[in-house]
Amino acid sequence: RIIDRLIINQVDGVLLITQPVGYEGDDAHLKKLQESKIPFVFVNRLYEECEYPVAYCDAYQGSILAIEYLLATKGYKRIGIIIGRCGQPQSEENLQGYKDALATHQIGFDPELIVEASFNMVEAERVAQELIGKGVEAIYAISDAMAIGVYRAAKKLGVRVPEELAVVGGGD
């Protein structure tokens, strides 16, 4: 319905912020949009073998910059990361950037400091409590919504941010 409305209203272009192509229903919408000749761009989604234009955040480089900041500038060594569900390209890129930044600084990789969550505050709050319980000094959450969940977890546990826990949100 939304695509039909855009076509009827003769919009000049469309920015698509969607689930990855291949999810049920996406292909029909894309075909309809292509047939309409309205230009469109996917925003912040990277698809393997995508034939459509995509504008996205470099998740790998973003993770490196965040972890480098926490390691080199702040001196933290025990840094947790909250990623999206494994298998999502953005999550995999964030995780690889995290691992590479730790390796560059010769910090041992601890898989216990990696947790997965959906991109929402509630689930991020739950997994952040786990990380805080493991004694992390800092948490890198790969989205701002996840970072808010970390703040909520810290508050619930009586941990002061930034005095006792550093928090960095990514994805912008």
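Before reading further, recall that the structure is shown in the block above.
Residues numbered from 1 in each chain as written. Predicted model: local features only at pLDDT ≥ 70, side-chain atom pairs only at ≥ 80, totals over all residues. Heavy atoms only, no water.

*Asks:* Before we go on, may I ask you to explain the overall build of the protein in this structure?
*Replies:* Within the protein, the secondary structure is distributed over six helices and seven strands. Across the 172 residues of the protein, 37% fall into the buried class. (Helix = DSSP H or I, 4+ residues; strand = E, 2+ residues; numbered from the N terminus. Buried < 20%, exposed > 50% of the residue type's maximum accessible area, 1.4 Å probe, protein only.)

*Asks:* Help me out: how do you make sense of the nonpolar core in this one?
*Replies:* Nonpolar side chains in soluble globular proteins tend to be buried together. Grouped together as the largest cluster of nonpolar side chains are 38 residues, with contacts concentrated most on Ile 67, Ile 79, Ile 82, Tyr 98, Ile 139, Val 150 and Leu 165. Once you skip the residues sitting within four places of it in the chain, Tyr 98 turns out to touch Ser 63, Ile 67, Ile 79, Gly 80, Ile 81, Phe 109, Leu 113 and Ile 114. Membership of the second largest hydrophobic core comes to nine residues, among which are Ile 3, Leu 16, Leu 33 and Phe 40. (Core = buried A, V, L, I, M, F, W, Y, C linked by side-chain atoms within 4.5 Å. Contact = heavy atoms within 4.5 Å.)

*Asks:* Sorry, what's going on with the sheet that holds strand β2 (residues 40-43) here?
*Replies:* The pairing of strands in a sheet comes from backbone hydrogen bonds and takes either a parallel or an antiparallel form. With parallel pairing, three strands are arranged side by side in an open sheet as β1-β2-β3. Each having just a single partner strand, β1 (14-16) and β3 (54-55) make up the two edges of the open sheet. Where β2 meets β3, two bridges bridge the pair, whose relative direction is parallel. Looking across to β3, one finds that Phe 42 is bridged to Val 54. (Pairing = 2+ DSSP bridges.)

*Asks:* Sorry, what's going on with the packing of helix α3 (residues 59-73) against helix α4 (residues 89-104) here?
*Replies:* Relative placement of two packed helices is described by the angle separating their axes and the distance separating the axes. For the pair α3 and α4, the least separation of the axes is 7 Å and the interaxial angle reads 35°. Crossing hand, α3 versus α4: right-handed. Mapping the contact onto sequence places Ala 59, Tyr 60, Ser 63, Ile 64, Ile 67, Glu 68 and Leu 71 in α3 and Gln 90, Glu 93, Asn 94, Gln 96, Gly 97, Tyr 98, Asp 100, Ala 101, Leu 102 and Thr 104 in α4. Looking at the contact of α3 with α4 residue by residue, the classes come out as eight nonpolar, six polar and three charged. (Axes fitted to C-alpha atoms, helices over the stretch in contact; angles between N-to-C directions. Left-handed = near helix turned anticlockwise from the far one by under 90°. Nonpolar A, V, L, I, M, F, W, Y, C, P; charged D, E, K, R; others polar.)

*Asks:* Sorry if this is basic, but what is going on with helix α5 (residues 121-133) here?
*Replies:* Each α-helix winds once per 3.6 residues, and so residues spaced three or four apart point in a common direction. Its 13 residues place the ends of α5 18 Å apart at the C-alpha level, agreeing with the 18 Å of an ideal helix rising 1.5 Å per residue. For α5, every residue scored as buried is listed here: Glu 123, Ala 124, Glu 125, Val 127, Ala 128, Leu 131 and Ile 132. Tucked into the core, α5 has its buried residues touching β4 (79-83), β5 (114-116), β6 (138-141) and α6 (144-157). Where α5 begins, one side-chain oxygen reaches toward the backbone nitrogen of Val 122, 3.1 Å away; that side chain belongs to Asn 120. (Expected span 1.5 Å × (residues − 1). Polar contact = N/O pair within 3.5 Å; in protein donor to acceptor, adjacent residues only side chain to side chain.)

*Asks:* Please clarify how the side chain of Ser 91 should be interpreted in this entry.
*Replies:* Looking at the element boundaries, Ser 91 is found in helix α4. With a relative accessible area of 0%, Ser 91 lands in the buried category. Polar contacts involving the side chain of Ser 91 include one to the main-chain amide nitrogen of Gly 84, which spans 3.0 Å. Aside from chain neighbours lying at most four places away, what touches Ser 91 is Ile 83, Gly 84, Arg 85, Phe 119 and Ile 142.

*Asks:* Looking at this structure, how should I read the sheet that holds β5?
*Replies:* Strand order in the open sheet formed by four strands is β5-β4-β6-β7, and the pairing between neighbours is parallel. Looking at which strands have only one partner, the edges of the open sheet turn out to be β5 and β7 (166-169). Here the average twist between neighbouring strands, direction ignored, is 20°. Across four bridges, the pairing between β4 and β6 is parallel. In the strand pairing of β6, Ile 82 is matched with Ala 141. Set on the sheet, α4 makes contact with β4, β5 and β6; between it and β4 the angle comes to about 170°. Seen against the sheet, α6 touches β4, β6 and β7 and runs at an angle of roughly 160° to β7.

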